[in-house]
2 protein chains.
Amino acid sequence: MSAKPPVALTSSLSFQLGALGTTVADRFAARIAPLGLEPKHAGLLALLANGRARSQAEAAAIMGVAPSLLVNFADGLEDLNALTRRRDPADRRRQVLALTEEGTRLLQACNRIADGIDADLTADLAPADTAALRRALPKMTGFPEPADD
Amino acid sequence: MSAKPPVALTSSLSFQLGALGTTVADRFAARIAPLGLEPKHAGLLALLANGRARSQAEAAAIMGVAPSLLVNFADGLEDLNALTRRRDPADRRRQVLALTEEGTRLLQACNRIADGIDADLTADLAPADTAALRRALPKMTGFPEPADD
DNA sequence: TATTGTTATACTCTATAACTATA
DNA sequence: TATAGTTATAGAGTATAACAATA
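Residues numbered from 1 in each chain as written. Chains lettered and ligands numbered in written order. Predicted model: local features only at pLDDT ≥ 70, side-chain atom pairs only at ≥ 80, totals over all residues. Heavy atoms only, no water.

**A closer look at the relation of the copies chain B and chain A**
Stage number 1. Rotating chain B by 180° and moving it 0.0 Å along the rotation axis overlays it on chain A with an RMSD of 0.0 Å. Such values leave the two copies arranged in the relation of a two-fold axis. Residue Gly21(B), judged by its C-alpha, is the member of chain B lying nearest the rotation axis, at 2.1 Å.
Stage number 2. Interface residue correspondence from chain B to chain A reaches 100%, placing this contact among same-surface, isologous pairings. (Least-squares fit on C-alpha atoms with pLDDT ≥ 70 in both. Contact = heavy atoms within 4.5 Å.)

If you want it as structure tokens, here you go:
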């Protein structure tokens, strides 16, 4: 008999979440690439849209990346006319980032792409399990935070 | 009014799974590092333990990495005395990998670490939601496959 | 000629360290 | 002196290409 399965590792939530996260991130990256975007670009767009970050330093802190990296992301989005940079008059060291209409359009396109992937992922799931997933994930990630607007 | 939330992206399963996957993978990596292991090492150990891969080429194909990379992983595990390499007498091109007792011990340590992270992740979840998660994830990742032994 | 494993090389991504300007 | 942003450099991780042995 095989009372205890020899390998529990691949059955653990940790392992499966890690693997699934990579897969999903790769798929998302592939589908937004034609828009000229990378995942971090989309994250920055979302951050600006919900007003949780206004300067580059704030965005870098929330996204957990080095400020020097955020320069590149902002550069890319600026090249796409997705955002504007303007110096904060009150503190001219700060670059205040603001979404443009094009930036909003790009973000909405990202939303649709994410929704499409969500639909694929949950296609084989019982509706109740999908609902449980939507309840559980925010508790595990810690976002989106309740504050909305 | 804000009938439609301005940013659905961070609420999508895709985004949350991507972010959570990175977090969990990082945490797992940090906790197995003292054992001298990286996540890919653990994956290879699991693959060998459940008998789904015997040669390096097979393991590389299943893990989705280049054969040249698998050499490094196998080297690392060999240095830890976690596996043995021996040429297949029937086809001397093939290196047949086999877990040692030490490899089994290391894999069990990884299992315990993964279980610990699982417990942390699900601490704030309703038991029913945790159960739903355990049902749903294998359907989304495609593994572990039903065949067991 | 094709395949397995290996080694060597190149490339991408990210992190770190200077530098400028403002405070 | 400290901070925001920027630029330049270096390191880690991965992929690609060339090689040796065997089929």
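**Concerning the interface of chain B and chain A**
Stage number 1. Across the contact, 49 residues belong to chain B and 49 residues belong to chain A.
Stage number 2. Summed over both sides, the interface between chain B and chain A buries roughly 4600 Å², with carbon and sulfur atoms accounting for 71% of that surface.
Stage number 3. At the boundary of chain B and chain A, one finds 2 salt bridges.
Stage number 4. Among the ionic pairs, Arg135(A) bridges to Asp129(B), the shortest N-O distance being 2.7 Å.
Stage number 5. Between the two partners, chain B and chain A, sit 10 residue pairs in polar contact (both at pLDDT 80 or more).
Stage number 6. By residue class, the composition of the side of chain B that touches chain A is 28 nonpolar, 13 polar and 8 charged. (Buried area = accessible area lost by both parts, 1.4 Å probe. Salt bridge = Lys/Arg side-chain N within 4 Å of Asp/Glu carboxyl O. Polar contact = N/O pair within 3.5 Å; in protein donor to acceptor, adjacent residues only side chain to side chain. Nonpolar A, V, L, I, M, F, W, Y, C, P; charged D, E, K, R; others polar.)

**Things to note about the protein's contact with DNA strand D**
Stage number 1. Looking at DNA strand D, there are 16 residues lining it, with Gln56(A), Ala57(A), Ser68(A), Gln95(A) and Ser68(B) nearest.
Stage number 2. Between DNA strand D and Gln56(A), the relevant distance is 2.7 Å, taken from a phosphate oxygen to a side-chain nitrogen or oxygen of the residue.
Stage number 3. At the level of elements, α3 (56-63), α4 (67-79) and β2 (91-99) of chain A together with α4 (67-79) and β2 (91-99) of chain B are the ones that each hand at least two residues to the surface near DNA strand D. (Near = heavy atom within 4 Å. Helix = DSSP H or I, 4+ residues; strand = E, 2+ residues; numbered from the N terminus.)

**Here's the deal with unusual backbone geometry**
Stage number 1. We note that Asn81(A) has phi near 60°; this positive angle belongs to a residue other than glycine.
Stage number 2. Structurally, Asn81(A) is set in the loop between α4 and β1 (83-88).

**Looking at the protein's contact with DNA strand C**
Stage number 1. Around DNA strand C, 17 residues are found, and the nearest of them are Ser68(A), Gln56(B), Ala57(B), Ser68(B) and Gln95(B).
Stage number 2. Arg93(B) has a polar side-chain atom sitting 3.1 Å from a base oxygen of DNA strand C.
Stage number 3. At a separation of 2.9 Å, a phosphate oxygen of DNA strand C approaches a polar backbone atom of Gln95(B).
Stage number 4. Elements with a minimum of two residues in the surface near DNA strand C: α4 and β2 of chain A together with α3 (56-63), α4 and β2 of chain B.

**With respect to the pattern of salt bridges**
Residue and element names in this part refer to chain A.
Stage number 1. Enumeration over the complete set of coordinates arrives at 18 salt bridges over all chains.
Stage number 2. Measuring nitrogen to oxygen at the nearest pair gives 3.1 Å for the salt bridge that ties Arg-93 to Asp-91.
Stage number 3. Since its relative accessible area comes to 70%, Arg-93 is described here as exposed.
Stage number 4. Asp-91 sits in the partly exposed class, given a relative accessible area of 23%.
Stage number 5. Connected through shared salt-bridge partners, Glu-58, Asp-88 and Arg-94 make up one network. (Buried < 20%, exposed > 50% of the residue type's maximum accessible area, 1.4 Å probe, protein only.)

**Side note on the packing of helix α5 (residues 101-121) of chain A against helix α1 (residues 13-32) of chain B**
Each pair of packed helices can be described by the angle between their axes along with the distance between the axes.
Stage number 1. It is at 7 Å that the axes of α5(A) and α1(B) come closest, and there the two elements cross at 80°. One element, α5(A), and the other, α1(B), form an angle in the roughly perpendicular class. Residues Ala114(A), Ile117(A), Asp118(A) and Leu121(A) of α5(A) touch α1(B), and the partners they reach there are Leu13(B), Ser14(B) and Leu17(B).
Stage number 2. Looking at the contact of α5(A) with α1(B) residue by residue, the class counts come to 5 nonpolar, 1 polar and 1 charged. (Axes fitted to C-alpha atoms, helices over the stretch in contact; angles between N-to-C directions. Parallel < 35°, antiparallel > 145°, perpendicular 65-115°, else oblique.)

**Looking at the environment of Val96(A)**
Residue and element names in this part refer to chain A.
Stage number 1. You can see Val-96 is positioned in strand β2.
Stage number 2. Residue Val-96 is classed as buried on the basis of its relative accessible area, which comes to 3%.
Stage number 3. Taking C-alpha positions, Val-96 is 8.0 Å from Thr-84, a pair spaced 12 residues apart along the chain.
Stage number 4. Those residues in contact with Val-96, other than ones at most four positions away along the chain, are Arg-54, Thr-84, Arg-85, Arg-86 and Asp-88.

Purely geometric stuff here, so don't read any function into it on its own.
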